[in-house]
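# Summary of the model geometry
Here is what each chain is made of, one letter per residue.
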Amino acid sequence: MLRGSPERELAAWWEAEAEAATAAKAQAAKEQVRVDPGAAGEPERKAAEEQPKEPTPGPPRAAEEGDARVSPRPPPALPVYRPKPAPAQGLCPHGKSRSKGRSCKRSSGQSDEYCSPRPVTVDSSKARTSLDALKISIRQLKWKEFPFGRRLPCDIYWHGVSFHDSDIFSGQVNKFPGMTEMVRKITLSRAVRIMQNLFPEEYNFYPRSWILPDEFQLFAAQATMDVFSVKMSLHFLEFYINGTIQQVQMVKDGDPSWKPTFIVKPDSGCQGDGIYLIKDPSDIRLAGTLQSRPAVVQEYICKPLLIDKLKFDIRLLSSKGVDIKKVWSDIISLVIKTVIALTPELKVFYQSDIPAGRPGPTCFQILGFDILLMKNLKPILLEVNANPSMRIEHEQELSPGVFENVPSLVDEEVKVAVIRDTLRLMDPLKKKRGNQSQQLLATKENPSDSELAGNTNPEAHLPSICLKQVFPKYAKQFNYLRLVDRMANLFIRFLGIKGTMKLGPTGFRTFIRNCKLSSSSLSMAAVDILYIDITRRWNSMTMDQRDSGMCLQAFVEAFFYLAQRKFKMLPLHEQVASLIDLCEYHLSVLDEKRLACGRRGTVGARPPSSGTPQEAAPAAQLAEGHPPPCTNSAHRLSHSRHSPS
């Protein structure tokens with residue numbers, strides 16, 4: 001074949017065209033690897049669907065006249081990948097809705113592979129002073145904030161003051177109903193005092209307290225007895241301790257009018273407002289203030305643990321050779337016992353705002369415990385704060401009398417971590433994400449270490465959590481202290497009307513009858529007198545007169561009285577525990593009979609024949625509170641007609 005002939009030029013052209021087609025296929029494959037439709041959530045397609053088929057070139061024909069003048073055929077067009085537009089907001093890459101937390105399945109083989117779950121939603125419209133720290137926490141968690149509220153329900157509602165900042169019917173809210181009232185100084189003192197009566201050694205971490213003005217006379221008498229006992233102890237030391245006679249005598253002679261110090265705290269005060277110290281009961285400011293603003297007077301802790309006569313960070317104790325683990329263990333024990341003292345009345349508040357059977361949120365809350373360490377490292381509870389400050393700024397005086405709020409790096413570091421880790425503990429979608437991670441790993445035969453870490457730990461980008469759960473996790477060892485909690489369950493059972501917080505006379509009589517507490521020595525008339533006396537006294541001590549009836553603490557006092565009458569030879573906590581066991585037993589028997597009645601009525605049981613134990617049951621049992629026999633309605637009607645009233 002001659003150089004430059006038409007046959008040689010045609011062969012060279014076909015060879016160049018074949019090389020160009022091969023290069024085009026390789027380039028298209030690279031582009032598809034670079035932009036994988038399946039990686040964006042799109043179903044993968046076969047190469048035949050993505051690329052047009054190329055015509056198969058036939059063998060070169062023989063050269064004919066005029067071939068040199070025929071223009072060459074243009075090269076075939078290369079396949080071009082056109083990515084699909086992004087899915088609309090609120091839709092998965094398949095165009096399906098992401099609503100209600102549902103995930104969509106991919107259609108390319110792996111049917112158990114899911115899209116990423118939705119973020120947790122937080123309503124911060126009522127956050128108030130904690131808003132800045134909350135915003136930072138939500139950003140760090142990569143959750144979704146709704147600063148102006150949301151028409152649809154959110155997972156978490158963050159309130160700045162109380163549970164009632166807004167009406168909530170689902171999700172979680174960071175306030176308990178009634179917590180603000182429960183940690184006020186008077187209510188807290190009463191709750192802890194009940195536990196001190198039952199378990200004095202377990203609750204010796206709270207100073208002796210008296211409620212003013214109701215217990216002023218009791219406080220004055222106790223203060224006089226304290227002074228007398230101290231003077232007697234000084235004489236005792238003079239007589240028996242030879243090495244300290246001179247020193248004790250100097251104390252006695254130098255200050256013959258020595259008296260203990262007490263601290264008076266207004267019930268609803270905060271940040272030191274209205275607090276003052278006294279040496280004598282006559283120093284209490286009785287004129288006008290106590291009636292409108294009740295207070296608590298406590299013994300003053302005069303010898304706390306100090307370093308160089310100053311307060312200190314508890315972390316400094318480790319440098320002093322102190323067993324920090326023991327100190328923290330004692331503090332955790334104090335917190336758990338305090339929560340156990342608060343829980344009974346919190347149950348009453350909760351059932352009042354969220355009655356059983358109605359929709360409502362679950363609750364959590366950050367509390368501030370003011371704890372003082374004594375010189376022997378024993379922790380002392382001073383008070384509990386329902387709304388500890390979560391501000392991350394402080395006031396700075398620019399000039400005399402001119403202040404400005406400036407950011408505080410220390411507050412931000414501490415308080416953001418507290419809020420963030422509280423949200424992590426309460427994460428409502430944590431369990432769902434864990435289940436989805438396990439499902440994703442199950443679809444892969446050999447998941448890599450990075451996949452294991454990424455799927456099982458979605459919080460890998462966050463610092464280690466600074467909080468740990470102590471209640472109810474570590475509360476099982478303190479279950480023997482939960483006697484008042486069990487009494488609260490009895491109290492709530494007999495409230496009758498849903499949403500009420502006080503027990504009426506009919507409910508109290510029903511409690512006595514159903515638990516079989518009446519006897520020849522305790523008639524129902526005596527029960528009525530007991531109810532009236534205790535209820536009247538407690539209502540006179542409370543400022544809230546909206547509802548009439550017996551409050552939980554009045555019920556506890558009546559329960560103590562009944563327990564002491566029935567089990568006279570036991571310590572108080574054993575008396576109360578025995579009476580609770582007795583009440584729970586009788587109520588469980590009653591519930592079983594009612595359940596059997598319901599089942600028999602459902603299946604349509606036959607009327608019992610004559611001579612059965614049900615027919616022989618005397619009507620006097622009904623008058624004494626015994627449960628009615630389980631019979632059909634016709635039999636009950638005939639039974640009541642022939643029963644004496």
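Residues numbered from 1 in each chain as written. Predicted model: local features only at pLDDT ≥ 70, side-chain atom pairs only at ≥ 80, totals over all residues. Heavy atoms only, no water.

Going by the annotation in an unreviewed UniProt entry, the name recorded for the chain is Tubulin polyglutamylase TTLL11 isoform X3, with Vicugna pacos given as the source organism.

### Observations concerning the packing of aromatic side chains
What describes a pair of aromatic rings is the distance from one ring centre to the other and the angle between the planes of the rings. All chains considered together, the criterion is met by 13 aromatic pairs. Arranged with centres 5.7 Å apart and planes meeting at 40°, the rings of phenylalanine 508 and tyrosine 531 form a pair that is tilted. Taken as a pair, phenylalanine 508 in helix α14 (residues 505-514) and tyrosine 531 in helix α15 (residues 524-541) lie far apart in primary sequence, 23 residues in all. Looking at phenylalanine 508, the relative accessible area reads 1%, which means it is buried. Their ring planes at 35° and their centres at 6.3 Å tell us that phenylalanine 511 and phenylalanine 559 sit as a pair that is tilted. One end of the pair, phenylalanine 511, is in helix α14; the other, phenylalanine 559, is in helix α16 (residues 552-566), with 48 residues separating them in the sequence. Phenylalanine 559 carries the same exposure label as phenylalanine 511, and that label is buried. Ring-pair connections join several aromatic residues into one group, and the members of that group are Phe491, Phe494, Phe508, Phe511, Tyr531, Phe555 and Phe559. (Phe/Tyr/Trp six-rings, centres within 6.5 Å; stacked < 30°, edge-to-face > 60°. Helix = DSSP H or I, 4+ residues; strand = E, 2+ residues; numbered from the N terminus. Buried < 20%, exposed > 50% of the residue type's maximum accessible area, 1.4 Å probe, protein only.)

### Notes on the confidence of the model for the chain
Regions with low pLDDT should not have their predicted coordinates read in detail. A residue-level look at the chain finds 64% of positions with pLDDT of 70 or above and a mean pLDDT of 75. Residue range residues 59-72 is modelled with pLDDT below 50. Its contacts to residues more than four positions away, or to other chains, number 5 contacts. Overall, residues 608-645 carries pLDDT values under 50, and its contacts beyond four positions in sequence, including any with other chains, amount to 33 contacts. (pLDDT = per-residue confidence, 0-100. Contact = heavy atoms within 4.5 Å.)

### With respect to unusual backbone geometry
In this structure, proline 213 follows leucine 212 across a cis peptide bond, with omega equal to 10°. Tracing the backbone through its elements, the reader meets proline 213 in the loop between β5 (209-212) and α6 (216-240). In the Ramachandran plot, lysine 309 falls in the positive-phi region, its phi being about 65° despite a non-glycine side chain. Checked against the element boundaries, lysine 309 lands in the loop between β8 (295-299) and α9 (324-353).

### A look at the side chain of threonine 187
Looking at the element boundaries, threonine 187 is found in helix α5 (residues 185-198). Each residue touching threonine 187, except ones within four places of it in the same chain, is listed here: Glu181, Met182, Glu345 and Gln553.

### Side note on the sheet that holds strand β7 (residues 276-278)
Spatial strand order, β5-β8-β6-β7: 4 strands in an open sheet with antiparallel pairing. Edge positions in the sheet fall to β5 and β7, since each has one partner strand and no second. Each neighbouring strand pair of the sheet contributes to a mean axis angle of 30°, computed without reference to strand direction. Two elements, β5 and β8, share 4 bridges in a ladder whose sense is antiparallel. If you follow leucine 212 over to β8, its bridge partner there is alanine 295. Strand contacts of α5: β5, β6 (262-266) and β8, with the helix running at about 135° to β5, the strand carrying the most contacts. (Pairing = 2+ DSSP bridges. Axes fitted to C-alpha atoms, helices over the stretch in contact; angles between N-to-C directions.)

### Quick notes on the sheet that holds strand β1 (residues 121-126)
Sheet strands pair by backbone hydrogen bonding; their relative direction is either parallel or antiparallel. Sheet architecture is open: 5 strands sit in the order β2-β1-β3-β4-β9, paired in parallel fashion. Only two strands of the sheet have a single neighbouring strand rather than two, namely β2 (144-146) and β9 (362-363). Relative to β2, β1 runs parallel, the two sharing 3 bridges. Counterpart to aspartate 123 in the pairing with β2 is phenylalanine 146.

### Some remarks on the pairing of strand β10 (residues 368-373)
Looking at chain direction, β10 and strand β11 (residues 379-385) are connected through 6 bridges and run antiparallel. Across the sheet, residue isoleucine 371 finds its bridge partner in β11, namely leucine 381. The turn joining β10 and β11, which pair antiparallel and follow one another in sequence, is formed by 5 residues; a positive phi near 70° is taken by leucine 377.

### Describing the pattern of salt bridges
Where charged atoms from two side chains of opposite charge come close, those side chains can pair. By the definition in use, this model includes 19 salt bridges. Among the salt bridges present, the one from aspartate 421 reaches arginine 424, with a minimum N-O distance of 3.1 Å. Of the two residues, aspartate 421 and arginine 424 both sit in helix α10 (residues 409-426), 3 residues apart, roughly one turn of that helix. Looking at aspartate 421, the relative accessible area reads 0%, which means it is buried. A residue is classified by how much of its surface remains accessible, and arginine 424, at 5% relative accessible area, is buried. (Salt bridge = Lys/Arg side-chain N within 4 Å of Asp/Glu carboxyl O.)

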